[in-house]
Each structure stands twice: as C-alpha cells, then as structure tokens.
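Survey of secondary and tertiary structure
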Amino acid sequence: MRRPLKPRVRGNHPPALHPDYRTTVLRSPRLAPLSMPSTLSEETGPVFGHDMLGPVDADLTRNFGNDDPIGERIIVLGHVHDETGRPVPDALIEVWQANAGGRYRHRKDGYLAPLDSGFGGCGRCMTDADGAYAFRTVRPGPYPWPNGGNDWRPAHIHFSLFGASFGQRLVTQMYFEGDPHIALCPIVQSIPDPVAIERLTARLDMEATIPMDARAYRFDIVLRGRRATPFEGQP
Amino acid sequence: MKETASQTAGPYLHIGLLPNVAGLPMYNGTDPGAALVTGPTDAARITLTLRIFDGAGDAVTDAMVEIWQADGAGHIPSQDADFTGWGRATADPETGLIRFETVKPGPVAGQAPHVTLWIAARGINLALHTRAYFAGDDGQDTDPVLSRIDPPARRETLMARQDGDTWHLDIRLQGDAETVFLDI
C-alpha cells in the first residue's frame, strides 16, 4: 500500500537564494531541483513511539539544570495536520530556542546576554491521536545577528517535524504576534507570501492560558499532503 | 490547507537536534538517530561519509544530515530488527566530515540501492533532499530517479565512491559539479 506525496508548492517556501539573508548566497543551489514523483523512499519514514519521551522532555522550564529559568513562562500548543486536512498523529516535534535574554546555549553563540543555569533551550513532544501537541517553555528573547547590518531576529522557536513519511520532513520557526522584528527580518521576509508568514506567527490563546501560571500561544502546523486514496502500484 | 512555510534551521540546530553532541545532557545521553545499527545484523556493514561544500569551495561545518534507507534486503522501512534505517549526524566542526555507521542497502523495488539524504543548515531556507548511490551497483540504468537526470553526466554527482568498507560522497551546493537535488 502506497500513499504518494502531493507535489510541493514552491511558492509556500522561501527561495533558496535570498540575498538579504547573506548566508544563502553561497549555500543556495543554482540549478532547478529534479522533478520526480515520490517513491517508496520518500513515502515511508522513521516511526517513533511515545515511549521514547521522558517525563519532562516537553517542559523546557524543568528539563535542564536544577534552577528555575528566568523569563515569561509560556505554553506553546496547536495541531499538526497535512494538506488534506487530516490530523497527523504520533508526529515527533523537536524544538530549540534562545533563553529569555536572547542567548543560545551553543558554543558558537557569543551574544553578551548571559546563559541561564535553569535553561537548556531544547525539548520535544509528540502529537496525540488528534494531531494535538503542547510544550512548556519561557518566551525567548530577540537577539542581534551578523548579517552585514543592524539585524535582529524576532523572538522565535525552531521546530523540526516528522510526519508519516520522510518526504513530509519540515524545519521551520515560530514567531510571536505583535513582534515588530517580523517585518524587518531578512530570514522571515525570505518567504514571498505574507499569508505564509502570518501562519508562522503564534497567537495568544487565553482559553489555553493557565491562570496565575503561564500564557498560551497557539501555533498550528501543516505538513505536506499525501494522496487521499492509497493504491497498489509500481514504484 | 497549505503546507507551513519552511525556515532555515539556523546556526544553532545542534542544541535542538543533536543536544548531546552540542554539550547539553538530554534524553538520557542519547541523541535521536545516533545509531542505525542496533545489534548483530546480517547485513553488510559500511561507513558512509559525506562532505558538503559551499559555492566558494569551503566545507560546510555546521550542517546536519539525516539519512533514510532500506535494510540490507531492500525493505523500506527496515524489517531487520538490528537496523533502524534512520540516522542523524552533524558535520565535524573543523573538517566538515559527516559519518554514518550503517549497512549497504539492498535494492528497493525497481530502484538501485541508495540512501536518501536530507540536509539542513544555516543559509539553507528549505532543507535539501538528495540521494547517495553506490558507484558500480546494478540497476542504475533503469533507476527511476537517475534516469530522469539530464544531462546524464550529472548522475555522477550522486555516486558515492568506495574505499574499503567506507563509501564517500561529496555534495556541492553550487558550481560546475553542483549536486542534483530532488524536488520531493
């Protein structure tokens, strides 16, 4: 039984070359990628079990060190669907981010904001049967980055997602509504479609906000579609 | 619904995807995808090494690559209890070398033996799909992906070369020998 992938809609994504984001200049392939129908190699993918998750993997306020992290406590939650509108269950979601001051716990990040002994900046969770996910963290800070000018990244959380097939694999970034740096950031603005940028922008969700504890931000994610009708056929 | 837009994995992808390599003790000390071979498999063990070069010819030393492949008998997903089929590794921060301890995949129905590669890095806006084939294997003339490559000379960019038990492939993001990337 095979479920071929629907062709990727290139206009949804940033082009490989976006000179305002300078690193793309030497890292963007210049030839068109090879069009091809999906094969079994892209229609299958690794399967992860909920039993791989530890009890605090999805709580970045507790999964590193012994101290409480500094910053605004938030919950990020949403659903993962595919382009046909079906929920994607058992999707592994990995996240990473800067701390509340805008500093990553990474040997190459030399920003002057301090590390936080209570915050690693890494976590993971999986979607449930309805495609729902949630994790707890602190709101990351914006930070400056070397791109030739006075460039600051909007506050963001990096997301990595696995769907049911390797061809659905996606890495992206989530932003926060109201952040003025979204409109100024060359990485965000590499996306040609303003609607697609809107969909990367999480919204405050007061219904999911936990009183006297943590505000909630909703970020729904859509992975590539697989054709609705499985068929038996040649590869 | 439309697919969520991709964004670069950025320079700090290691803390999220390979935290233990990056010095964060997470997940009981084991990064996801760190081991493809998990037992005494009957399949032929190989080392697959990769290097990625940018348009200036410099090795990309911050990339992360995931591989997905058939088991030694050509089953995908793997039916070999000692082989997961999925691995994740990062480039050596000095040399850019990327190394996987894996098995030689068997031919998947209708396709020559190959390893699917998925590359994320700073400066790559949409992670890149490509493949490693094994130079000299049977079935490459009729492989559905290789046979679509025009001019055919560019097939060479996907051919790993053997040196003992190690197969090596250079991936070039730009230039005369730019690797064939897949719109998949």
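Read on for a plain summary of the structure. All residue numbers refer to positions counted from 1 along the written sequence of the respective chain. Chain letters and ligand numbers both follow the written order, the letters beginning at A and the numbers at 1. Under the rules for a predicted model, residues below a pLDDT of 70 receive no local features and side-chain atom pairs below 80 are neither given nor counted, while totals for whole chains, interfaces and linings still include all residues. Computation of side-chain values covers all heavy atoms of the structure but excludes hydrogens and water.

**Examining the overall build of chain B**
Scanning chain B from N- to C-terminus turns up one helix and nine strands. Secondary structure elements of chain B, listed N to C terminal, follow the sequence α-β-β-β-β-β-β-β-β-β. What the globule rule says is 2.2 Å times the number of residues to the power 0.38, and the radius of gyration is computed from C-alpha atoms. Here chain B has a C-alpha radius of gyration of 16 Å; the compact-globule value for 184 residues is 16 Å, and the two agree. Along the three orthogonal principal directions, the C-alpha set of chain B runs to about 45 × 45 × 40 Å. Each residue gets one of three labels from its accessible area relative to the maximum for its type: buried under 20%, exposed over 50%, partly exposed in between, using a 1.4 Å probe on protein chains only. Out of the 184 residues in chain B, the part that is buried amounts to 61%. In DSSP terms, a helix is any run of H or I states spanning at least four residues, a strand is any run of E spanning at least two, and both are numbered starting from the N terminus.

**Some words on the overall build of chain A**
Scanning chain A from N- to C-terminus turns up three helices and 12 strands. Taking 2.2 N^0.38 as the reference for a compact globule, 235 residues should give roughly 18 Å; the C-alpha atoms of chain A span a radius of gyration of 19 Å, in line with that estimate. The principal-axis extent of the C-alpha atoms belonging to chain A is close to 55 × 40 × 30 Å. Burial status across chain A gives 55% buried among its 235 residues.

**Side note on the interface of chain A and chain B**
If you look at the interface, chain A gives 79 residues, while chain B gives 62 residues. Buried area is calculated as the accessible area (1.4 Å probe) missing from two parts once they are joined, with the contributions of both summed. For the chain A face of the interface with chain B, the top three residues by lost area are R27(A), L34(A) and F166(A), together amounting to 13%. Definition used for salt bridges: Asp or Glu carboxyl oxygen within 4 Å of a side-chain nitrogen of Lys or Arg. Linking chain A with chain B are five salt bridges. R88(B) is paired through a salt bridge with E94(A); the nearest N and O atoms lie 2.8 Å apart. The element best represented in the side of chain A that touches chain B is strand 9 (residues 170-176) of chain A, accounting for five residues. Bridging between strand 1 (residues 34-35) of chain A and strand 9 (residues 182-183) of chain B involves two bridges; their strand directions are parallel. By the bridge assignment, L34(A) is partnered in strand 9 of chain B with L182(B). In this description, contact between two residues means that some pair of their heavy atoms is separated by no more than 4.5 Å. At least two bridges found by DSSP between two strands is the condition for calling them paired.

**A word on the nonpolar core**
Looking at soluble globular proteins, one finds that nonpolar side chains tend to be buried together. To form a nonpolar core, buried Ala, Val, Leu, Ile, Met, Phe, Trp, Tyr and Cys residues must be joined to one another through side-chain atoms within 4.5 Å. With 67 residues, the main nonpolar core has V76(A), Y133(A), F135(A), F159(A), F219(A) and I221(A) as its most contacted residues. Here this core gets five residues from one element, more than from any other, and that element is strand 9 of chain A. Leaving out residues up to four positions away in the same chain, F219(A) has contacts with V76(A), L77(A), G78(A), H79(A), Y133(A), F159(A), T172(A), M174(A), R199(A), L200(A) and A202(A). Grouped together as the second largest cluster of nonpolar side chains are 31 residues, A43(B), V103(B), L128(B) and A132(B) included.

**Brief notes about the pairing of strand 11 (residues 215-218) of chain A**
Residue and element names in this part refer to chain A. Relative to strand 11, strand 2 (residues 73-82) runs parallel, the two being bridged by four bridges. By the bridge assignment, I75 is partnered in strand 11 with A216. Taken together, the two bridges between strand 10 (residues 201-204) and strand 11 define a ladder with antiparallel strand orientation. Among the inter-strand pairings, L204 is bridged to a residue of strand 11, identified as Y217.

**Some remarks on the pattern of salt bridges**
Scanning the model with the defined rule gives 20 salt bridges over all chains in all. D213(A) serves as the salt-bridge partner of R73(A), at 3.1 Å between the closest nitrogen and oxygen. One end of the pair, R73(A), is in strand 2; the other, D213(A), is in the loop between strand 10 and strand 11, and 140 residues separate them in sequence. The class of R73(A) is partly exposed, set by a relative accessible area of 37%. By relative accessible area, D213(A) is classed as partly exposed at 30%. Note that D82(A) is salt-bridged to R86(A), the shortest N-O span being 4.0 Å. The buried category is assigned to D82(A), whose relative accessible area is 5%. Each of E94(A), R169(A), E66(B) and R88(B) takes part in salt bridges that share partners, so that together they form one network.

**Overview of the side chain of R124(A)**
Secondary-structure assignment places R124(A) in strand 4 (residues 122-126). For R124(A), a relative accessible area of 6% corresponds to the buried category. For R124(A), the side chain forms a polar contact with the side chain of D57(A), separated by 2.9 Å. Contacts of R124(A), omitting those with residues within four sequence positions, involve M52(A), L53(A), D57(A), A58(A), L92(A), I93(A), E94(A), Y27(B) and P32(B). Side-chain atoms alone can form a polar contact between residues adjacent in sequence; in general such a contact is a pair of N or O atoms within 3.5 Å, and within protein one must be able to donate a hydrogen while the other accepts it.

**A few points about the side chain of D143(B)**
All names here are of chain B. Within the secondary structure, D143 sits in the loop between strand 6 (128-134) and strand 7 (159-163). The buried charged residue D143 lacks any salt bridge partner; its closest oppositely charged side chain belongs to R131, at an N-O distance of 4.3 Å. Among the polar contacts made by the side chain of D143, one reaches the main-chain amide nitrogen of A112 at a distance of 2.9 Å. Once residues within four sequence positions are removed from consideration, D143 is found in contact with G110, Q111, A112, R131 and Y133. None of His or the chain ends enter the tally, which takes Lys and Arg as positive and Asp and Glu as negative.

Taken by themselves, the reported measurements are silent on function.
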